[in-house]
Amino acid sequence: MRIGVLGAGQLGRMLALAGYPLANTFVFYDMSGNPSAGIGEVVTDQSGDKAEAFLARVDLVTYEFEHLPVEIAETMARSKPVHPAPRALQVCQNREAEKTLFGRLGIPTPRWQMADSAESLRQAAEELGCPVVAKSNTEGYDGKGQAVLRSPDDAEQAWNAIGHDRLMVEKFVNFSREVSLIAVRSSDGDVAFYPMAENVHHEGILRYSIAPAPRLSRELEEEADGYIRALLHELDYVGVLALELFETDKSLVANEMAPRVHNSGHWTMEGAMTSQFENHIRAVTGLPLGNTAPRGLSCMVNIIGEHGNIKRILELPYAHVHLYDKEERPGRKLGHVNVLADSYEELRWRVENVAQFLPGSPELDCSLTRTSPL
Ligand SMILES: Nc1ncnc2c1ncn2[C@@H]1O[C@H](COP(=O)(O)OP(=O)(O)O)[C@@H](O)[C@H]1O
Ligand SMILES: [Mg+2]
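Here is a short report on the structure shown in this document. (Residues numbered from 1 in each chain as written. Chains lettered and ligands numbered in written order. Predicted model: local features only at pLDDT ≥ 70, side-chain atom pairs only at ≥ 80, totals over all residues.)

**Notes on the nonpolar core**
Stage number 1. Among the nonpolar cores identified, the biggest contains 88 residues, and Leu15, Ile228, Leu241, Leu243, Cys299, Val301 and Val354 are the most heavily contacted of them.
Stage number 2. No other element matches strand E15 (residues 297–304), which puts six residues into this core.
Stage number 3. Taken domain by domain, the makeup of this core includes at least three residues from each of domain 1 (2–82) and domain 3 (177–355).
Stage number 4. For Ile228, the contacting residues outside a window of four places in its chain are Leu181, Ala183, Leu241 and Leu243. (Core = buried A, V, L, I, M, F, W, Y, C linked by C-beta atoms within 7 Å. Buried ≥ 20, exposed ≤ 12 C-beta atoms within 10 Å, placed from the backbone. Helix = DSSP H or I, 4+ residues; strand = E, 2+ residues; numbered from the N terminus. Domains from an automatic or database assignment. Contact = placed C-beta atoms within 7 Å.)

**A look at the sheet that holds strand E3 (residues 41–44)**
Stage number 1. Strand order in this open sheet of four strands is E3-E2-E1-E4, and the pairing throughout is parallel. Two strands bound the open sheet, and with one partner strand each, they are E3 and strand E4 (60–63). This sheet shows a mean twist of 25° between the axes of neighbouring strands, independent of strand direction.
Stage number 2. Relative to E3, strand E2 (residues 25–30) is paired through four bridges, and the arrangement is parallel. Counterpart to Asp30 in the pairing with E3 is Thr44. (Pairing = 2+ DSSP bridges. Axes fitted to C-alpha atoms, helices over the stretch in contact; angles between N-to-C directions.)

**Considerations on the site of ligand 1**
Stage number 1. Neighbouring residues of ligand 1: 17 residues in total, closest Val133, Gly140, Glu170, Phe172 and Val173.
Stage number 2. Every element with two or more residues in the shell around ligand 1 is listed here: strand E6 (132–136) and strand E14 (251–258).
Stage number 3. Residues belonging to the shell around ligand 1 are distributed by class as follows: five nonpolar, five polar and seven charged.
Stage number 4. Composition of the shell around ligand 1 by domain shows at least three residues from each of domain 2 (111–171) and domain 3 (177–355). (Near = placed C-beta within 6 Å. Nonpolar A, V, L, I, M, F, W, Y, C, P; charged D, E, K, R; others polar.)

Structure, rendered in structure tokens:
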């Protein structure tokens with residue numbers, strides 16, 4: 001199959017790397033003018049008039065990026081299969097549509113309100129009770145376009161700092177940890193789940209994902225499976241869907257979802273029988289899904305901003321290095337290291353060993369290092 005991918009970043013690169021062994025080829029559609037996939041063919045289209053040329057080169061279309069005009073995906077869907085369907089894109093790129101759908105499907109979320117002025121932001125902060133998190137309704141990623149308000153008096157400053165005309169204001173969740181669930185649905189409607197991962201963010205950017213999440217109760221895992229199953233069904237979804245959640249005292253609250261392979265699923269490259277990338281390719285090309293079982297315990301360590309001492313990491317017998325061939329820049333995702341181990345104790349030790357060669361890596365503050373019970 002000739003697979004067309006909307007977006008041309010590292011997720012697209014890894015989709016292609018997983019898709020070649022199944023005899024697929026890849027064409028990327030880039031609207032940013034700054035493609036980094038570095039693999040396959042790229043159609044750069046900043047004006048939006050090369051969609052036809054892109055479609056002529058592919059058998060089907062999928063995404064690695066959700067912040068592009070939904071009309072483009074809808075137009076493409078009239079001439080080629082687009083998986084997942086454009087409605088998934090529409091919901092995931094708009095926090096209000098996303099949280100409204102969660103509510104309709106009975107998926108718990110933090111309490112939220114919309115704000116379209118500094119004054120309505122202040123009012124929302126008063127009504128919800130501070131602290132609250134204000135987020136741009138569209139275009140947010142890696143914690144960009146967000147501010148925490150400690151008091152309604154912060155509204156003016158937060159409004160100006162975010163600089164968008166519509167914000168979602170959410171009650172701040174005092175979570176014990178962040179987790180995510182990745183599931184995949186085939187064109188026949190089969191669904192497979194990866195074990196949930198525990199995620200550590202630093203300054204809004206994912207730094208570590210541990211899978212399977214330590215000490216996760218079977219009930220919570222089943223609860224999350226039910227939420228994502230409802231979303232897959234509602235959206236008649238084909239491909240990989242990721243759901244980010246907060247774990248609080250014995251319950252889960254949904255944060256957001258992504259209609260694509262996800263950074264918190266990179267551990268599956270060596271840590272699962274079939275990676276999220278291969279399973280996404282299998283799903284969108286109409287093939288049976290692969291086994292999602294873990295091969296052991298793993299942790300993904302993101303390489304952010306600078307490459308650090310990659311050579312030293314490559315000497316470690318348990319580390320798998322993936323580089324995206326991107327220039328160093330503060331806060332930029334440049335690659336990741338997957339670490340495998342047989343026990344959580346060994347995993348912690350190995351991850352800390354890797355992190356010492358990556359400057360700016362935050363402390364591994366998670367349930368591997370905390371002594372208090374979750
Ligand atoms: N309501 C909230 N309460 C507490 N922390 C939050 C809340 N919303 C977001 N955060 C923190 O900010 C991070 C980024 O927010 P998120 O909504 O996932 O935006 P992005 O689209 O940038 O990933 C989350 O992973 C979490 O650490
Ligand atoms: Mg997020």
